[in-house]
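# What the coordinates show
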There are 2 protein chains.
Amino acid sequence: MQAQFAAAKIGKYATSESGDTLEMVERPSGGLSFVLVDGQRSGKSAKAISNIVARKAISLLADGVRDGAVARAASDYLYTYRGGKVMATLNILSVDLLSQTLVIVRNNHAPVILIRDKEIQEIDDPVEPVGIRKAIRPSIHEYPLCEGLAAIVYTDGLMYAGERKGQRLDVTQCVHELLEAGQPNPQEWASYLLNQALELDEGRPGDDISVLVLCILPYDENEVRYLYARMPLK
Amino acid sequence: MQAQFAAAKIGKYATSESGDTLEMVERPSGGLSFVLVDGQRSGKSAKAISNIVARKAISLLADGVRDGAVARAASDYLYTYRGGKVMATLNILSVDLLSQTLVIVRNNHAPVILIRDKEIQEIDDPVEPVGIRKAIRPSIHEYPLCEGLAAIVYTDGLMYAGERKGQRLDVTQCVHELLEAGQPNPQEWASYLLNQALELDEGRPGDDISVLVLCILPYDENEVRYLYARMPLK
C-alpha cells in the first residue's frame, strides 16, 4: 500500500493572509500527521490563533504524544493563552504505522468525509471547537489501513462557499461524483473541491478555504517518498 | 513570483527506515521552512538522532526563532541530550516573506547548490555537523527572492552514490545538465537526481538519500497553495 496526501488552500478574498493553518509532521514511531486549524474570524488575528493551536499540536505530535491527547492539550493551551476568549476548529489526520491505522481527530463542526469499501460516509458527531472552555473533548475515529480507504477533511469555508448567493457546496455530493468518475486521486480531488467552491464564490472566496485529501492506494513498487509544496508570493 | 519545493527521499537498502528526517513548517511571520537532518549511522538509531534534531528545529521555527539561532539551539540540544557522543548533519532552507529572502543554513559537509541568474555555484564553506561539541556555528547564506533563484539541498547519500563501484555522483554536473535542458521544475529535478543516485547504486542505495529542490518561479495568477505527500507503506 501507499499513502498519498494532497491539500489545496486559499485565503478569504482581499485579506492579507489565510486564517487557516495546515501543518504536516512525521510521527516519531512512523507515519505522518496533518493538522488543520481554522482560527476565529479572518486575516491576521485568525492566523495568530490558528498558528498557536497548530504549533502546539505539531510540537506534541513530533514528541510522540497520541492524537487525542494532542487535541486536548492544544485546546487547553489556547484556553489558557487567550482566557477562553477565542476559538478555533481543529482537525488531526494521521497515518499511524505503529497501530497501522488511520486516526481522525475532529473539533470542527464541518464533517469529515470517509470512504471505505467504496461507501461514502460523513463523520459528523457533535463536537465543540477548541479553546472556548476547559476540558473540551475531541471526536476520535480510527480505521485499519487498507486499500481504498480515504478521508477528506476541510474547513467550513468549503461548505459555506456560495452562501452570499444563497447556495452552498454539497461536498458529499461532489465526492460521490468524483468516486463514480474513477480511482481516488488526492491531488485532483483536492483541486477539484477547492475549484468548485471558488466557482460558487465567483473567484472571491467569502472565507478561508482549506481542503485535505488522504487516500490509501495500491503499492506501486516504488520505495521513494515524495513531498511537494507550492506557495504564491506577493 | 511563486515558490515551489519538492523533495525525494529513500532509505538505505535493507534497513527498516531512513535515518534522514525531512520536516516542513510554516513560518509564523510568513513563508515556509524545510529542515533536513541526517543522523549518524543508519536505520533506527540514526532515525532517533535525526528526529531529535528536526523536532527541536521545527518547534523553534514555528515559534518564530531566526534560522541561525535554531541551528545553534538544535546542536546544543543534541549535545546536551546525548553528551556529545552522536552527530547529525543539519540543513534549514527557508523562504522568509518578512525579509523577502531565501535563507540557507548549513551544518553539513555536503554542499548546497545555488542557482542565480542561470549561474550555478556550490555553497561549501567548511562547517561541522551538529551535536559533537558545544558552540557549533552554522554557515548562513541569504539571498533576495527573485525569479530564477533556486537551491538544491541534499544529504551525503546523494553524492556518495556509486561509491561501492568506485564512482560518485557529480551532483553539480547533473544540475548543469538539468538547467541546460529547460526551466527549473522542482519535482522533476528532485526525482531525476534521486534516480541518478539509485542507478549508480543499482537500485540498492548504500546510504539514506534525501534531496530537496526549491525554485522561485514566475507567478501564474493562481492564489492557491498546494501540498502533496506520498509515503510507501510496508
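Everything that follows concerns the structure shown earlier in this document.
Cut-offs and rules
- Residues numbered from 1 in each chain as written.
- Chains lettered and ligands numbered in written order.
- Predicted model: local features only at pLDDT ≥ 70, side-chain atom pairs only at ≥ 80, totals over all residues.
- Heavy atoms only, no water.
- Salt bridge = Lys/Arg side-chain N within 4 Å of Asp/Glu carboxyl O.
- Helix = DSSP H or I, 4+ residues; strand = E, 2+ residues; numbered from the N terminus.
- Axes fitted to C-alpha atoms, helices over the stretch in contact; angles between N-to-C directions.
- Parallel < 35°, antiparallel > 145°, perpendicular 65-115°, else oblique.
- Left-handed = near helix turned anticlockwise from the far one by under 90°.
- Contact = heavy atoms within 4.5 Å.
- Nonpolar A, V, L, I, M, F, W, Y, C, P; charged D, E, K, R; others polar.
- Expected span 1.5 Å × (residues − 1).
- Buried < 20%, exposed > 50% of the residue type's maximum accessible area, 1.4 Å probe, protein only.
- Arc of directions from axis to C-beta.
- Buried area = accessible area lost by both parts, 1.4 Å probe.
- Polar contact = N/O pair within 3.5 Å; in protein donor to acceptor, adjacent residues only side chain to side chain.
- Pairing = 2+ DSSP bridges.

Turning our attention to the pattern of salt bridges. A side chain of one charge can pair with a side chain of the opposite charge if their charged atoms are brought near each other. Applying the stated rule across the entire model yields 24 salt bridges over all chains. Among the ionic pairs, Asp201(B) bridges to Arg164(B), the shortest N-O distance being 3.5 Å. Of this pair, Asp201(B) sits in the loop between α5 (186-200) and β10 (209-217) while Arg164(B) is found in the loop between α3 (156-159) and α4 (171-181), placing the two residues 37 residues apart along the sequence. Several salt bridges share partner residues, and in doing so they unite Glu26(A), Arg225(A) and Lys47(B) into one network.

Our focus in this paragraph is the packing of helix α1 (residues 43-62) of chain B against helix α2 (residues 67-82) of chain B. All names here are of chain B. In the contact formed by α1 and α2, the axes pass within 9 Å of each other and the chain directions differ by 140 degrees. One element, α1, and the other, α2, form an angle in the oblique class. Here α1 and α2 pass one another in a crossing that is right-handed. Contacts between α1 and α2 involve Ile49, Ile52, Val53, Arg55, Lys56, Ala57, Leu60 and Leu61 from the former and Asp67, Val70, Ala73, Ala74, Tyr77, Leu78, Tyr81 and Arg82 from the latter. Looking at the contact of α1 with α2 residue by residue, the class counts come to twelve nonpolar, no polar and four charged.

Looking now at α2(B). Residues and elements named next belong to chain B. Over its 16 residues, α2 extends 23 Å from the first C-alpha to the last, a length consistent with the 22 Å expected when each residue adds 1.5 Å. Within α2 the residues assigned to the buried category are Asp67, Gly68, Val70, Ala71, Ala74, Ser75 and Leu78. Each buried residue of α2 sits inside an arc of 165 degrees when the element is viewed along its axis, so together they form one side. Here the buried face of α2 lies against β3 (31-39), α1, β4 (88-96), β5 (101-107) and β8 (139-144). Once α2 ends, the next one or two residues include Gly83, with phi positive near 60 degrees.

On to the interface of chain A and chain B, then. Residue-level contacts link 50 residues of chain A with 50 residues of chain B. Taken over both partners, the interface formed by chain A and chain B buries close to 5100 Å², and the fraction arising from carbon and sulfur atoms is 55%. At the boundary of chain A with chain B, the tally comes to six salt bridges. Between Asp220(B) and Arg230(A) there is a salt bridge, with its nearest N and O atoms 2.5 Å apart. Counting every contact that joins chain A to chain B gives 29 residue pairs in polar contact (both at pLDDT 80 or more). Of the residues forming the side of chain A that touches chain B, the biggest block, nine residues, is contributed by strand β1 (residues 2-10) of chain A. For the side of chain A that touches chain B, the per-class residue count stands at 30 nonpolar, nine polar and eleven charged. One ladder, built from five bridges, connects strand β11 (residues 225-232) of chain A with strand β11 (residues 225-232) of chain B; its direction is antiparallel. The partner of Arg230(A) across the bridge, within β11(B), is Tyr226(B).

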